[in-house]
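In case you want the letters, here they are:
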Amino acid sequence: MRERVTYVQKLGDSLEPSALTVEGGTIKGPEVHAVREDRLTIALNELPTELQTLVAGAQDLHIRWVSTTAYEAVSPLLARLPPGFHFFFTPGKDGIVGNKLCPLLGSIFGSDICLSPNESFTSLPKDTFSHSAAFQYFQQLETLSQFIQYAKGRLCRSTDASCSARLDALSKASSLDISYDTVQHVLRVTALWPYQRQQVHVTSHPQLRTEVGILSTDKPQTLEPHEIGISGLLTVLGQDFKPSPTMFTFASRHRDAESTFSAQFLTPTGLHPTLRLRLASSAPLNLSQHDDDNNDQDTTCVPYAYLTLPRTIFADRYQLSDLLFLASKNLTALRYMTQPVDLEAPEYVMAQWGSSVLLELSPPPPSTSSQPEKKNEREEWTAEIPLHLRYLAPAEGGYSAISVPYPAVFWACVPEHGGVEFPPNPFEKVKLGYDGLFEDGTVFWHVEPRPVGGGTSLVNVVRVPVLDLEKARWVNAGTAVAVLGGFAWVVWKLVGLYMYGGDGVEGEGEKAREKKRQ
Amino acid sequence: MASPFKPAGTAIPSAPRNSASLVSSFFRRPGPLYLSAAILRLIFLLYGLWQDTNSPVKYTDIDYLVFTDAAHFVSRGHSPYERETYRYTPILAWLLLPTAQTIGTPLLDAALFNSGKVLFAAADLVAGWLLERVLARDMDAATARKYAAIWLLNPMVATISTRGSSEGLLGVLVMALLSAVMARRTTLAGLLLGFGVHFKIYPFIYAPAIVWWMDRERMGSPQQPNKQHTPLLSKLFAFITRARLQLAITSLAIFLVLNLWMYTLYGPSFLNHTYLHHVTRIDHRHNFSPYNTQLYLASASSSSSGPGLQIESAAFLPQLLLSCVLIPLAMAQKDLPSAMLAQTFAFVTFNKVCTSQYFLWYMVLLPLYLPRSSFLADKRIGVTALVLWVAAQGLWLQQGYELEFLGRSSFLPGLWLASLGFFLVNCWILGVIIGDVGTQPKAVAS
């Protein structure tokens, strides 16, 4: 078992080595404004038995949880997903997905996670690009409280208060990633806390090799446009007596578009709510500078929205295939949607988790003004995503509330002549659901979700009209009375016709005419 | 929404004199009527093309995109059922194969893509022509055309077919079936009946009416007195005539052959989507059916607990009893076209799912009944029926709008009461139709 704790500050914020004190297994420092990432690397044989069987049967396994509370991230820890519990899974070579998977995930994260892999999971496309997992699952999950309890039971001795305290801190985390590395046979558990003021203070656990990095974004002279730079201080607790400076650059898959968006439903929502994205974002700046060379336009950047929609709400891929309709919503095209998505079934008969959607947005054309200072002034623009509600089960009061997570919004820059390979970097994050839908070498420039009106929740709530159970008392009887009444009236008329209706005109007239013909 | 009772302003016998002469010259020869019916559809079609290319709100019906997508799959050697929500016979996709072709010229490609709508609109005209032929058995050609105009010049009918809904094809099939029966062409009638049931299931309701109508006297086969049997048996033997057997065998044969053929081509997905879907569907999006609210309630409670299924299955009873047994028994012998109208009306009214497209099923038969209807004879009844029918739908649509677009929970009591109200209005109209059978023609200007 190994541990890595990293503080990442923004460009220009750095710490002098003298500001840190390293003593025994503890590093202490001043208050910094940074994100904090903790990573625990656990070898296969150190895992609890149930987890060993789970990961041993997998070719690919990623659990990603994202908080519903908006947070600011810092390069390079930028990869974003819609808030909730994401699960990406490729079974082992035998292709069997065990039925124990769902109960196990349920016992770790919360009881209402997936019914059975067969019914609940969706398949990711195999044909487009080979680098995505086979199955996807998503579920809205507000808190990690169940996970914290589970982890305490497996990791902490009952006497170890600091262990419990560190796990309790997960309740304030912005994201949690659990990935199994099938090459090194290790499970990496990574938690991220938002960009905020915090004390540098880490104590190592006796049995744990703990490495602490206090880093910040850097821009050395030699930095290539496709690279990002990191510099700072590294310390291995219990081994180093003072921090050692470090500095490295690498090509990063995930970058900061340095802009924000918000998502809100247009009102009234009705049964066909429209999610409006409000963006203050233009094509990544670096690349537009890059374009100034004019001879080297080998990258095109396009904005996308990636939605994970719970099964209460869905998009209609047929509706999203008409170019004129898409254009009227500031959308360019539907690039991907889970298949199949039932267009008719009510929510309460479905087991599939829902569907994911990748939509290409159409930004306004770049302003042609030649004033370079205007480049930083971002004009706000919107895109509207038409969605449809399923019928929900009847409820008291006539309304049910559903929540819809914010999408992930990013500019994807797809290299036109084959991409650069991204060398492994310590902050690499792949298999996020959408990256597999782009060719290798694509760079994702993430737009930060920022709720409107000072809110912090990355979830929109929709009030769904349903049949009001309080008023349903008379439905069965009333329907029966009406149907039987109508039926009786029609039968009465038929009886009247049968008894007294005479011989009929058509019969008479026709027969008479036929006689004439003869 | 236009009304099926719209008498096109012309069919009312007591029209003012000078306009009457204009009207009668319009109907004197077939040319003007069919030409204007065709032009009406052409205008709608072109308008639809314009709207589709210029507005994000489409004129073309979503179903048409389902059909043409399915045709596209078929043209590439795939199954039409690869298109989600394609729930029709593969024959429909085959008929629309031209829509899947492209030549490369945008204008021609657009024409090809829309050729299905042309087919549906042409089906409207053929249905109108068959309607005129059946009507002309009881009246002069000009009057027959006047009544046929209720179908041919009805803007609602023209809209539905030019938007690309296939219901117009049903109109042709049903009218062809009726005119084949009236002309005593039993084999042809059997083929059409079998094909119609294969195509859209519901025409099976016409089988008992036609069989009941085809008695020995009417079909002109000699009586065969049989004295060896008891009265009951002899009645039974008397019922089984050559014509009835011929109809049963040909219709059953064509139905089975078509289904076997489609099954060998597309396997279980054909059966599932074309037929079984209608039995197992749990899709309670609000519609005009009186059962809708009840089914929504039952489906949700049956998915958790409790027996909610009885009422769902019992709902078939009044519907099938009326449209397959009681109406044929009481009406078919007296007036086959009106009986078929009443059957269809009962089938749609008592159905578990009811949308405005289904109204087209009975609208094609309406002109055959109107000449002897109380609705035209007594304008108060006619106007009352029309107003009630439109108002009940309007009320429902208003509640539906509040639900669908404003998000107000109008299921109860609004939508529920509106659908029951519409149901009762329909029952009353059905009662009037039944009551009119067996009376002399009322409105025919002879």
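Sequence order as written defines residue numbering, which begins from 1 separately in each chain. Here the convention is simple: chains get letters from A, ligands get numbers from 1, in the order in which they are written. Local features in this predicted model are restricted to residues of pLDDT 70 or higher, and side-chain atom pairs are both shown and tallied only at a pLDDT of 80 or more, whereas totals for entire chains, interfaces and linings draw on every residue. For side-chain calculations, the full set of non-hydrogen atoms in the structure is used, while hydrogens and water are omitted.

**Some points on the packing of aromatic side chains**
Given two aromatic rings, one states the distance between the centres and the angle between the planes to describe the pair. Aromatic rings from Phe, Tyr and Trp, with only the six-membered ring used for Trp, were paired whenever their centres fell within 6.5 Å, and each pair was classed as stacked if the ring planes differed by under 30 degrees, edge-to-face if by over 60, and tilted otherwise. A full pass over the atoms with the stated rule returns 54 aromatic pairs over all chains. Centre to centre, the rings of A:Phe109 and A:Phe147 are 5.3 Å apart; their planes meet at 10°, and the pair counts as stacked. Residue A:Phe109 is located in helix α2 (residues 101–109), and its partner A:Phe147 is located in helix α4 (residues 145–155); the two are separated by 38 residues in the primary sequence. Each member of the pair A:Phe109 and A:Phe147 is classed as buried. Here the aromatic cluster, defined as three or more aromatic residues joined through ring pairs, consists of B:Tyr64, B:Phe67, B:Tyr81, B:Tyr86, B:Tyr88, B:Phe113, B:Phe120, B:Phe255, B:Tyr266, B:Phe270 and B:Tyr275. Taking NZ or CZ as reference, B:Arg244 lies 4.0 Å from the ring centre of B:Phe239, over its face. Only DSSP runs of H or I with at least four residues qualify as helices, and only runs of E with at least two residues qualify as strands; both kinds are numbered from the N terminus onward. Note on exposure labels: buried denotes an accessible area under 20% of the residue type's maximum, exposed denotes more than 50%, and partly exposed covers the range between, all computed with a 1.4 Å probe on protein chains only. Geometrically, a charge over a ring is one whose NZ (Lys) or CZ (Arg) sits within 6 Å of the ring centre while staying within 35 degrees of the ring normal.

**Observations concerning the environment of B:Asp124**
Residue and element names in this part refer to chain B. Within the secondary structure layout, Asp124 lies in helix α6 (residues 115–135). The class of Asp124 is buried, set by a relative accessible area of 0%. Among residues more than four places away in sequence, those in contact with Asp124 are Arg41, Trp151, Leu152, Val157, Ala158, Ser161 and Gly168. In this analysis, two residues are considered to be in contact whenever any of their non-hydrogen atoms come within 4.5 Å of each other.

**Quick word on the UniProt feature "transmembrane region" (unreviewed entry) in chain B**
All names here are of chain B. As annotated in UniProt, the feature "transmembrane region" (unreviewed entry) corresponds to residues 31–50, 168–185, 191–214, 245–266, 381–398 and 410–434 in the numbering used here. Taken end to end, residues 31–50 is 100% helix and 0% strand, and its first and last C-alpha atoms sit 28 Å apart. Counting secondary structure, residues 410–434 comes out at 96% helix and 0% strand; the distance between its end C-alpha atoms is 34 Å. UniProt positions are given in the numbering used here, feature names are shortened, and annotations may be inferred rather than shown by experiment.

**Some remarks on a nonpolar patch on the surface**
Residues and elements named next belong to chain B. Residues enter patches when their relative accessible area tops 30% and they take part in no salt bridge; the joining distance is 9 Å for like charges and 5 Å for the nonpolar side chains Val, Leu, Ile, Met, Phe, Trp and Tyr. For the area figures, the Shrake-Rupley method with a 1.4 Å probe applies, and any residue is considered shielded solely by the protein chains shown. Salt bridges are identified by distance alone: a Lys or Arg side-chain nitrogen within 4 Å of an Asp or Glu carboxyl oxygen. Together, Leu233, Leu236, Phe237, Phe239, Ile240, Leu245 and Ile249 make up a nonpolar patch on the protein surface, roughly 630 Å² of accessible area in all. Sorting the residues of the nonpolar patch by element identifies α13 (231–239) and α14 (242–266) as the ones contributing at least two each. The element that contributes the greatest number of residues to the nonpolar patch is α13, accounting for 4 residues. Within the element layout of this structure, Ile249 appears in helix α14. Overall, Ile249 belongs to the exposed group, its relative accessible area being 55%.

**Let's talk about the interface of chain B and chain A**
Counting residues at the interface gives 74 residues for chain B, matched by 64 residues for chain A. Summed over both partners, the accessible area (1.4 Å probe) lost when two parts come together is defined as the buried area. Surface buried jointly by chain B and chain A totals about 5,600 Å² across both partners, of which 63% is contributed by carbon and sulfur atoms. Summed over the shared surface of chain B and chain A, the number is 3 salt bridges. Residue B:Lys58 is joined to A:Asp322 by a salt bridge in which the shortest nitrogen-to-oxygen separation is 2.9 Å. Throughout this description, a polar contact denotes any pair of N or O atoms lying within 3.5 Å of each other; where both atoms belong to protein, one of them has to be capable of donating a hydrogen while the other can accept it, and for residues adjacent in sequence the pair is counted only when both atoms sit in side chains. Summed over the shared surface of chain B and chain A, the number is 18 residue pairs in polar contact (both at pLDDT 80 or more). Mapped onto the side of chain B that touches chain A, the elements with two or more residues apiece are α2 (30–54), α12 (216–219), α16 (292–304), α18 (316–332), α19 (336–349), α23 (379–404) and α24 (411–436) of chain B.

**Overview of the sheet that holds strand β22 (residues 408–415) of chain A**
All names here are of chain A. Two strands make a pair as long as DSSP finds a minimum of two bridges between them. Taken in spatial order, the 8 strands line up as β17-β18-β15-β22-β23-β13-β14-β19 in an open sheet, and their pairing is mixed. Among the strands making up the open sheet, the edge pair consists of β17 (331–337) and β19 (381–386). Averaged over all pairs of adjacent strands, the angle between strand axes in this sheet comes to 30°, irrespective of strand direction. Pairing of strand β13 (residues 254–265) with strand β14 (residues 274–280), which is carried by 6 bridges, proceeds in the antiparallel orientation. Its bridge partner being in β14, Phe265 is matched across the sheet by Leu275. Helix axes are fitted to C-alpha atoms over the stretch in contact, other axes to C-alpha atoms as well, and angles between N-to-C directions run from 0 to 180 degrees.

**Notes on the domain arrangement of chain A**
Residues and elements named next belong to chain A. Domain borders in the structure are assigned automatically or taken from a domain database. One can read the domain layout of chain A as domain 1 (2–250), domain 2 (255–467) and domain 3 (475–518). The centre of domain 1, based on its C-alpha atoms, is set 25 Å off from the matching centre of domain 2. Each side of the interface is counted separately: domain 1 has 49 residues, and domain 2 has 44 residues. Between domain 1 and domain 2, roughly 3,800 Å² of surface is buried when both sides are summed, and carbon and sulfur atoms account for 61% of that area. Between domain 1 and domain 2 we count 2 salt bridges in total. With a closest N to O distance of 2.4 Å, Lys431 and Asp60 form a salt bridge. Counting across the domain 1 and domain 2 interface gives 17 residue pairs in polar contact (both at pLDDT 80 or more). The nonpolar class holds Ala, Val, Leu, Ile, Met, Phe, Trp, Tyr, Cys and Pro. Asp, Glu, Lys and Arg form the charged class, and all remaining residues, Gly among them, are polar. Residue composition of the side of domain 1 that touches domain 2, grouped by class: 23 nonpolar, 16 polar and 10 charged.

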